[in-house]
Amino acid sequence: MSIYDCKVEKSNGEMLSLEEFRGKVIVVVNTATGCGFTPHYKPLEEMYEKYHDAGLEIIDIPCNQFAGQTPGTDEEIHEFCTLKYNTQFPQMKKTDVNGENACELFKYLKSQKGFEGFGKGMKAMAMNAMLKGIDKNYKDNPDIKWNFTKFVVDREGNVVARFEPTADMKELEKCVASLI
């Protein structure tokens, strides 16, 4: 299996085959509208505008599995993102990223790049402390831990990086720029 075998559901119910993005650099991100990391939309949109013509695609997959931080309908989520952050990259249907109902794309991404930690700093410490209370073995599985986990796929379809929400967005951009 490769990433190009995966499909995701668009907010209008149509299926998007990742085959359409063959030869492009792809960032896949699970998002939320009411999260402390929601401001990540701004640098994501800036990166999209900067690199889209050179071959970057961003796939936004809203998810309500983390503290119910994406409570709206697909239309409400889209309206929020376009009005507040002027997002132009494709936004998919709100979908699960963990568990038995996880979309096939996230199952594949997690199989390619597991959880490697939150890094250092106050946000990392806060995430570690919070997750210990939810799942004491969270470090031992590849599940998505929170909103705004980002996967980077190179032009050949290889999942080359996973950025947890605590990662510096400048590091994500450096990774993307190196692949463009």
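Look up: the structure comes first, before these words.
These notes cover the structure that comes with them. (Residues numbered from 1 in each chain as written. Predicted model: local features only at pLDDT ≥ 70, side-chain atom pairs only at ≥ 80, totals over all residues. Heavy atoms only, no water.)

## Here's the deal with the state of the cysteines
Move 1: Within this structure, the stated rule accounts for zero disulfides.
Move 2: Sulfur of C35: no disulfide; nearest cysteine sulfur belongs to C63 and is 11 Å away.
Move 3: For C35, a relative accessible area of 8% puts it in the buried group.
Move 4: Unpaired in this structure, C81 has its nearest cysteine sulfur neighbour in C35, at a distance of 12 Å. (Disulfide = S-S within 2.5 Å. Buried < 20%, exposed > 50% of the residue type's maximum accessible area, 1.4 Å probe, protein only.)

## Topic: the pairing of strand β3 (residues 25-31)
Move 1: Of all seven residues that make up β3, seven are buried, and the element is covered over most of its length.
Move 2: Taking every second residue as pointing to the same face, both faces of β3 are buried, with V25, V27, V29 and T31 on one and I26, V28 and N30 on the other.
Move 3: With seven bridges connecting them, β3 and strand β4 (residues 56-62) associate as parallel partners. Residue V29 lies in a different strand from β4, and its bridge partner there is D60.
Move 4: By the bridge criterion, four bridges tie β3 to strand β5 (residues 150-153) in an arrangement that is antiparallel. Across the sheet, I26 pairs through a bridge with V153, a residue of β5. (Helix = DSSP H or I, 4+ residues; strand = E, 2+ residues; numbered from the N terminus. Pairing = 2+ DSSP bridges.)

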